[in-house]
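# Summary of the model geometry
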Amino acid sequence: MPCSSNFINFLVIAFAASLVILGATAEDDWSGFHGYERDALLALKTRFNNPFLDANWTGIMCYMDNTPYWYGVQCLVGRVTGLILDSMALFGDIEVDALANLTELHTLSFKNNSITGNMMDFAFNQKLRSIDLSGNRFSGEIPSSLLNLHILESLQLQENSLTGPIPGFNQSSLARFNVSHNNLSGEIPETETLQSFGLSSYSGGNENLCGPPTTAVCTRTSDDSGGEGKGHDKGRFLAIIVVVDVIVLVVIMLLFIVYYKKYKKLRKEMMMMMMKGRDDGEEEHDSRIVERATEEGEKGKLVFLNKDEHETTRRFDLDDLLRASAEGLGKGNFGNCYKAMMEVGATVVVKRLRDLKPLNRDEFVRQATAIAHQKHPNLLPLLAYYYSKDEKLFVYTFASNGNLFNRLHGGRGTRERLPFRWASRLAVARGVARALNHLHHNTRSHTAAPHGNLKSSNVLIDDNDEILVADYGLASLIALPIAAQRMVSYKCPEYLSQRTVSKKSDVWNYGSLLLELLTGRISSYSAPPGTNGVDLCSWVHRAVREEWTAEIFDAEMAVQKGANRGMLRLMQIALKCCDRSPEKRPEIGQVLEEVEAIKVGVESEDEEYSYNSYSSYDRSMTDDSFSVTRSV
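This is a predicted model, so every value here is computed, not measured.

### Examining the pairing of strand 2 (residues 79-84)
Most of strand 2 is tucked away: five of the six residues are buried. The sheet contact formed by strand 1 (residues 73-76) and strand 2 spans four bridges and is antiparallel. Along strand 2, the bridge assignment pairs Gln 74 with Gly 82. Where strand 1 folds back on strand 2, the antiparallel hairpin that results is connected by two residues, among which Val 77 adopts a positive phi of roughly 50 degrees. Two strands pair when backbone bridges link them, and strand 2 and strand 4 (residues 107-109) are joined in this way by three bridges, in the parallel orientation. The partner of Gly 82 across the bridge, within strand 4, is Thr 107.

### Brief notes about the pattern of salt bridges
Opposite charge on two side chains permits them to pair, given that their charged atoms come into close proximity. Tallying each qualifying case throughout the model produces 17 salt bridges. With a shortest N-O distance of 2.5 Å, Arg 137 and Glu 391 are connected by a salt bridge. Here Arg 137, found in strand 7 (residues 137-140), pairs with Glu 391, found in the loop between strand 17 (382-387) and strand 18 (392-397); they are 254 residues apart in sequence, far enough to count as distant. Of the charged contacts, one joins Glu 391 and Arg 352 as a salt bridge, the two residues approaching to 3.3 Å between their closest N and O atoms. Of this pair, Glu 391 sits in the loop between strand 17 and strand 18 while Arg 352 sits in strand 16 (residues 347-352), placing them 39 residues apart in sequence. Across the pair, exposure class does not vary: Glu 391 and Arg 352 are buried alike.

### Examining the side chain of Lys 339
Following the sequence through the fold, Lys 339 ends up in strand 15 (residues 335-341). Residues in contact with Lys 339, not counting those within four places in the same chain, are Ser 325, Ala 326, Glu 327, Leu 329, Thr 347, Val 348 and Phe 398.

### A few points about unusual backbone geometry
Of note, the bond from Pro 212 into Pro 213 is cis; its omega dihedral lies within 30 degrees of zero at 10 degrees. Examined against the element boundaries, Pro 213 turns out to sit in the loop between strand 12 (208-210) and helix 4 (228-276). In this model, Asn 49 sits at a positive phi of 50 degrees, which is unusual for a non-glycine residue. Here Asn 49 is to be found in the loop between helix 1 (2-48) and helix 2 (51-56).

### As for the UniProt feature "transmembrane region" (unreviewed entry) in the protein chain
As annotated by UniProt and renumbered to match this structure, "transmembrane region" (unreviewed entry) occupies residues 237-260. Helix makes up 100% of residues 237-260 and strand makes up 0%, while its end C-alpha atoms are separated by 34 Å.

### A closer look at the packing of helix 15 (residues 564-577) against helix 16 (residues 588-597)
Direction vectors running N to C along helix 15 and helix 16 enclose 170 degrees, while the axes themselves pass 10 Å from each other. Relative to helix 16, the element helix 15 is oriented roughly antiparallel. Between helix 15 and helix 16, the contacting residues are Arg 569, Leu 570, Ile 573, Lys 576 and Cys 577 on the first element and Val 591, Glu 594 and Val 595 on the second.

### A word on the packing of aromatic side chains
Taken as a whole and assessed by the stated rule, the structure comprises twelve aromatic pairs. The interplanar angle of 80 degrees and the centroid separation of 4.9 Å between the aromatic rings of Trp 508 and Tyr 525 together place this pair among those described as edge-to-face. Of this pair, Trp 508 sits in helix 12 (residues 503-519) while Tyr 525 is found in the loop between helix 12 and helix 13 (536-545), placing the two residues 17 residues apart along the sequence. Assessed through its relative accessible area of 1%, Trp 508 is described here as buried. The structure contains a cluster of three or more aromatic residues connected by ring pairs, namely Phe 364, Tyr 385, Tyr 387, Phe 394 and Tyr 396. The ring of Tyr 387 carries the charged tip of Lys 392 above its face, separated from the ring centre by 5.2 Å.

### Considerations on the packing of helix 9 (residues 422-442) against helix 12
For the pair helix 9 and helix 12, interaxial distance at closest approach is 11 Å and the crossing angle is 170 degrees. Classified by the angle their axes make, helix 9 and helix 12 are roughly antiparallel. Residues Trp 422, Arg 425, Val 428, Ala 429, Val 432, Ala 433, Leu 436 and His 440 of helix 9 lie in contact with helix 12, whose contacting residues are Lys 503, Asp 506, Tyr 510, Leu 513, Leu 514, Leu 517 and Leu 518. Looking at the contact of helix 9 with helix 12 residue by residue, the class counts come to eleven nonpolar, one polar and three charged.

### Overview of the environment of Leu 146
Position of Leu 146 among the secondary structure elements: in the loop between strand 7 and strand 8 (154-156). With relative accessibility at 0%, the residue Leu 146 sits in the buried group. Along the backbone, Leu 146 and Phe 122 are 24 residues apart, and their C-alpha atoms lie at a distance of 6.2 Å. Those residues within four positions of Leu 146 in sequence are excluded, and the remaining contacts are Met 119, Phe 122, Ile 131, Leu 155, Phe 169 and Gln 171.

### Some points on the sheet that holds strand 17
The strand order 13-17-18-16-15-14 describes an open sheet built from six strands, whose pairing is antiparallel. Looking along the sheet, the strands with just one partner apiece sit at the ends: strand 13 (303-304) and strand 14 (325-332). The pairing of strand 14 with strand 15 spans seven bridges and is classified as antiparallel. Its bridge partner lying in strand 15, Lys 331 is registered against Asn 336.

Reading the values: the criteria
- Per chain, residues are indexed from 1 in the order of the written sequence.
- Only residues with pLDDT of at least 70 get local features here, since the model is predicted, and only at 80 or more are side-chain atom pairs given and counted; chain-wide, interface and lining totals rely on the full set of residues.
- The side-chain numbers reported here are obtained from all heavy atoms of the structure, hydrogens and water having been left aside.
- The buried label goes to any residue with under 20% of its type's maximum accessible area, the exposed label to any with over 50%, and the partly exposed label to all in between, with areas taken from a 1.4 Å probe on protein chains only.
- The secondary structure listing takes helices from DSSP runs of H or I that are at least 4 residues long and strands from runs of E that are at least 2 residues long, numbered from the N terminus.
- Pairing between strands is defined by DSSP: at least two bridges between the two strands are required.
- One side-chain nitrogen of Lys or Arg within 4 Å of one carboxyl oxygen of Asp or Glu is enough to make a salt bridge.
- Here a residue-residue contact requires only that any non-hydrogen atoms of the pair lie within 4.5 Å.
- UniProt positions are given in the numbering used here, feature names are shortened, and annotations may be inferred rather than shown by experiment.
- Only the stretch in contact is used when fitting a helix axis, every axis being a line fitted to C-alpha atoms; angles between N-to-C directions are given from 0 to 180 degrees.
- Here roughly perpendicular refers to angles of 65 to 115 degrees, roughly parallel to angles under 35, roughly antiparallel to angles over 145, and oblique to all remaining angles.
- Paired rings are identified among Phe, Tyr and Trp, the last through its six-membered ring, by centres lying within 6.5 Å, and are further divided according to the angle between planes into stacked (under 30 degrees), edge-to-face (over 60) and tilted (the rest).
- Over a ring means this: the NZ of a Lys or the CZ of an Arg is within 6 Å of the ring centre and within 35 degrees of the ring normal.
- Gly falls in the polar group here, along with every residue not listed as nonpolar (Ala, Val, Leu, Ile, Met, Phe, Trp, Tyr, Cys, Pro) or charged (Asp, Glu, Lys, Arg).

Structure below.
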């Protein structure tokens, strides 16, 4: 028995020792992987040199199943499985082997930044399912290591500067793929996977791509094995082609020189003719601004406009802007917007312009200068611009109280929301009308609709609750097909039926904006992507006609005592602006006079709210033929 007891004790001790050894080994393995992954992320942080990441990526990264401590990092059982750093204004090159130690990585997203250099090698990231590097400045070829990611489901590489051919992706798991807006070339591989994606996955910038699904036909050459005689004839034929090409090239160069001289002479004469209509002081001022802006733009600098007026705001340069702490404000119709907070205290908004006309530097400077000339207390001023071949930026002042869309619709039904009363909404209507009236009477270009994109998200509120209208003047920079697709003026009845826009289209936009102000409902014509809206003009007419007018006015505004008469008057103005016929809409100057005449309250503060007040409406305004219906 003693021997048996000793043997059992020995087994127990041996088992416990083995558990301790196994646990220590597992812990060493985990800490080893953890260290490698942590070093890889710290190397990325050094490359990005981003103040936010420098402050956040410190201390413990992640431990076992606890929530990760580092921003943008996802973990599972202590291993890094996701890295998502979207719209953080990151820039700089990344080492090709930067991801080599992140072997458990499932998701990688650096979209909407300014990262440069070649793409990373993915040879050690066999578990990747989703990669999104869109909206950066990656260059070079698409790495072939992506072909070995057998469970890859999504690859988004659009809006970069990638070159070379498209690798022969044929993973059956690949469901999302986009390489548009790059500089890729060659024949699109005829793999089943790549041929399953539509033209939108390849179009935009990739002019040298050919083969299906594009319409470009690939030209193939074959070796001629017809003997020495044929080879000799072929060589002589090629020599003749070279000589002809040289002659043609010389002729083209001579023609170009002659054309350039004539162009400079004609341009000078046109500028002199244009300047004749202005007084001497204005002519000198304009030419000085354009000349200064062109000289500074040639040097790749941030060019400030109206410097004397913005001396306190402009104490930064392009390097300061790139080093600034940035925050994404959203994706607009013509470019992403970022809030940049400079170390010296200035805060500005940077808009990265996209989908522009093929403008040269002089044309871009001229349009930017024209926008900067639109000076009015209710217009958001353009402070500066940056021009290069690959990047165009506009810099604006920052409106700290956000935009009208968020003020109207944000936080509904929550305790944190501040009521948006009648007096404040009337102030918005007046401010926007003043800005629009200024644009209609002071726009020098031949733009049909001087604003063209008036909507609640483009009406800003600064820290003094002043109303600032933004996104004006951009129609002169955008190609017509893109403008027609994205700008609100092109959703007016006359464009949907006759493909025409005018100043009266801006008036229609303003009427739609007033209805959104009065009803508190989202307009279908200016609703952000993913948001459902209402055809407000048709809806209001139907409400009046069917006598369920109690639902028209936003309850948040209607409770204000003495606001009845003013609300009804503003509703009448809005409906006149939304007339289906442009000829029946009032001029914006007349609209401004009527809006300015509206009082915040009424003479008798004891007046009760009466829906019978609608009886004063012109009944023709409720006719079906008047209502604006959206046609597709």
